[in-house]
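These are the residues of each chain, in order.
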Amino acid sequence: MKLRHLLAALTLGAMAGNTAMAAEPLRIGLVLPMSGVFSGYGKQIEHGVRLYLQEHGDSFEGRKVEIVLKDDTGAAPEISRRLAQELIVRDKVDILAGFAMTPGAVSAAAVATSGDKPMIVMNAGTSSLTTRSPNIVRTSATVAQYTVPLGPWAVQNGMKKAFTLVADFGPGYDAEGYFQKSYAAAGGEIVGEVRVPLQNPDFAPFLQRIKDVKPDVVFLFLPAGELPIAFLKGFQQRGLADEGIRVIATGDLTDEDSIDAMGDAALGLVTAHHYSEVHDSPENKAYTQAYYKAYPNDRPNFMSVGGYDGMRVIHETLKKTGGDASTEKFMQAVRGVSFVSPRGPVAIDAETRDINQTIYIRKVERRDGKLVNVEFDDSLKNYRDPGKE
C-alpha cells in the first residue's frame, strides 16, 4: 500500500514537472539595428516579428513567447557578438534571431555554436553564413539567389555588354562575382567594374566612367536607402538613360521602404528578388492588409517578411518538437519545414538550412500613385541558393 502511494506520488510529481517545463516561457533574443543608418532594417524586421505574434497569439505550443530586443546598430560586428553573448548568458534566451547585416551575423555565429543555441537569420544574405555554425537557419534569401538569375536574363534580353557597380563590402563582392560569372556564362561581356565605399560616396566619377564605356547595362548592388537613391538620380541627371544604358539590380535596392524617395528615376528599373508588396496571392493580400493596419505609416518590405517568416519557422518547428527548443531537437526538426509565405511557397533546405523559394524578375511601375515592384517572371520556383552549388 505504501509502495503504491509512493509510486503515485512520484508519478504526480513527474507530471507536475513536465507541466512546469511546458509552461516555461520561450525567450527569443532579437539582435537588430534599431538606431543608426541601418535602423530601417531593424524596424521592418521587428514589425514582421511583432505582426506574427499579433496574428498567431503570444504562445507557441503552450510556451509564452517573450522577445528580448537588443540594438547592435548594424555597424560594428563586435557589438553583435557581445549582445548575442549577453542574451545567452544573462537573459537566458532559448533562440537567437534577427541579424540584419552579414558582418554582425558572422560575428555572432561562433556564439550560437559555443552557447549551443539555434540562430535564425532574418536578413543577412552572404551565402557562406550558414556554414559558420551548424545552428544557423536563414529565413530571408542569399545574395546569390537574387543575383545569379540577372546574368542570363540580361543576355537573353539583348544586353551583351555590362558594367558592374557594387558596394565595397562582403555582400557587394558576392553580388559582383555571382553576376559576372552568370553573365559571362550566358555569353555577356563585362566591360567595366567599380566598388564604391559605403559611407558618402561621390558617384560623379563612377557615372562618368560608365558614360565613357557605354555599356548596354549597369548591374547595381548597393544597400537599400541613400546610396541607390543618389546613384539613380545622378544616372538620370547625367543623361545615361537617354543614351540607352539600362540598369538592373538586386531587389533590395528598390525595397518599399526607400523606393518612393527614388522618384521617377526608378521607373522601368528591372530587379530580381523574393518579395514584393504587390505580390499577387491571397497570403500576401492578408499580410499587407494586416501590416497596413498595424503600421499605417510604413510599407511592408522583404525585411518585414523575413521577420514574419522567421517567427513562423520557429513556430512550425516547435509544433514538430512539442515545444522543445533545445538545439539538437530544434535543428533536426527545422530541416524541411515548409509553408506558403506572403512571398510564395518556401521551404528550409534540409542540407543547407537556407530557404528555397521563388525568385521573381520585376519592373518598377507606378500604380495608384505609388512606385511598386511588379513581378513579370516567376519561372524560378523552389530555387536553392546557387552560392552553395
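Refer to the structure presented above.
Residues numbered from 1 in each chain as written. Predicted model: local features only at pLDDT ≥ 70, side-chain atom pairs only at ≥ 80, totals over all residues. Heavy atoms only, no water.

**Student:** Before we go on, may I ask you to explain the overall build of the chain in this structure?
**Tutor:** Secondary structure summary: the chain contains 12 helices and 15 strands in total. Over its C-alpha atoms the chain spans a radius of gyration of 23 Å, differing by no more than 12% from the 21 Å that the globule rule assigns to 389 residues. Expressed as lengths along the three principal axes of its C-alpha atoms, the size of the chain is roughly 95 × 40 × 35 Å. Surface accessibility of the chain: about 16,000 Å² in total, with carbon and sulfur atoms responsible for 51%. Taken as two groups, the 43 positive and 48 negative side-chain charges of the chain have centres that lie 4 Å from each other. (Helix = DSSP H or I, 4+ residues; strand = E, 2+ residues; numbered from the N terminus. Rg over C-alpha atoms; globule rule 2.2 N^0.38 Å. Areas by Shrake-Rupley, 256 points an atom, 1.4 Å probe, with all protein chains shown as cover. Lys, Arg positive; Asp, Glu negative; His and termini not counted. Charge placed at Lys NZ, Arg CZ, Asp CG, Glu CD.)

**Student:** Hey, could you run me through the packing of helix H11 (residues 302-321) against helix H12 (residues 327-334) in this one?
**Tutor:** The relative placement of two packed helices is expressed as an angle between their axes plus a distance between the axes. At a minimum axis distance of 9 Å, the contact between H11 and H12 shows a crossing angle of 110°. Between H11 and H12, the angle falls in the class roughly perpendicular. On the side of H11, the interface is formed by Val313, Ile314, Thr317, Leu318, Lys320 and Thr321, while H12 contributes Lys329, Phe330, Ala333 and Val334. Here the residues of the contact of H11 with H12 are counted per class, giving 6 nonpolar, 2 polar and 2 charged. (Axes fitted to C-alpha atoms, helices over the stretch in contact; angles between N-to-C directions. Parallel < 35°, antiparallel > 145°, perpendicular 65-115°, else oblique. Contact = heavy atoms within 4.5 Å. Nonpolar A, V, L, I, M, F, W, Y, C, P; charged D, E, K, R; others polar.)

**Student:** Hey, could you run me through the packing of aromatic side chains in this one?
**Tutor:** For any pair of aromatic rings, geometry is given as the distance between the ring centres together with the angle between the planes. In the structure shown here, the tally under the stated rule is 11 aromatic pairs. Ring geometry for Tyr291 against Tyr295: centres 5.1 Å apart, planes inclined by 55°, an arrangement best described as tilted. Accessibility classification places Tyr291 together with Tyr295 in one group, the buried group. (Phe/Tyr/Trp six-rings, centres within 6.5 Å; stacked < 30°, edge-to-face > 60°. Buried < 20%, exposed > 50% of the residue type's maximum accessible area, 1.4 Å probe, protein only.)

**Student:** So what exactly am I meant to see when it comes to the packing of helix H2 (residues 39-56) against helix H10 (residues 282-294) here?
**Tutor:** Two numbers describe how H2 lies on H10: the axes approach to 11 Å, and their chain directions differ by 105°. With respect to H10, the axis of H2 lies roughly perpendicular. Across the interface between the two elements, Gln44, His47, Gly48, Leu51, Gln54 and Glu55 of H2 pack against Tyr287, Ala290, Tyr291 and Ala294 of H10. For the contact of H2 with H10, the class distribution of residues is 5 nonpolar, 4 polar and 1 charged.

**Student:** Would you explain the pairing of strand S4 (residues 95-98) in this entry?
**Tutor:** A regular strand places its side chains so that they alternate between the two faces of the sheet. Residues Ile95 and Ala97 point to one face of S4 and Leu96 and Gly98 to the other, with burial holding for every one of them. Here strand S1 (residues 26-32) pairs with S4 via 4 bridges, running parallel. If you follow Gly29 over to S4, its bridge partner there is Leu96. Here S4 pairs with strand S5 (residues 119-121) via 3 bridges, running parallel. Bridging across to S5, Leu96 finds its partner in Met119. (Pairing = 2+ DSSP bridges.)

None of the figures reported here should be taken as evidence of function without further support.
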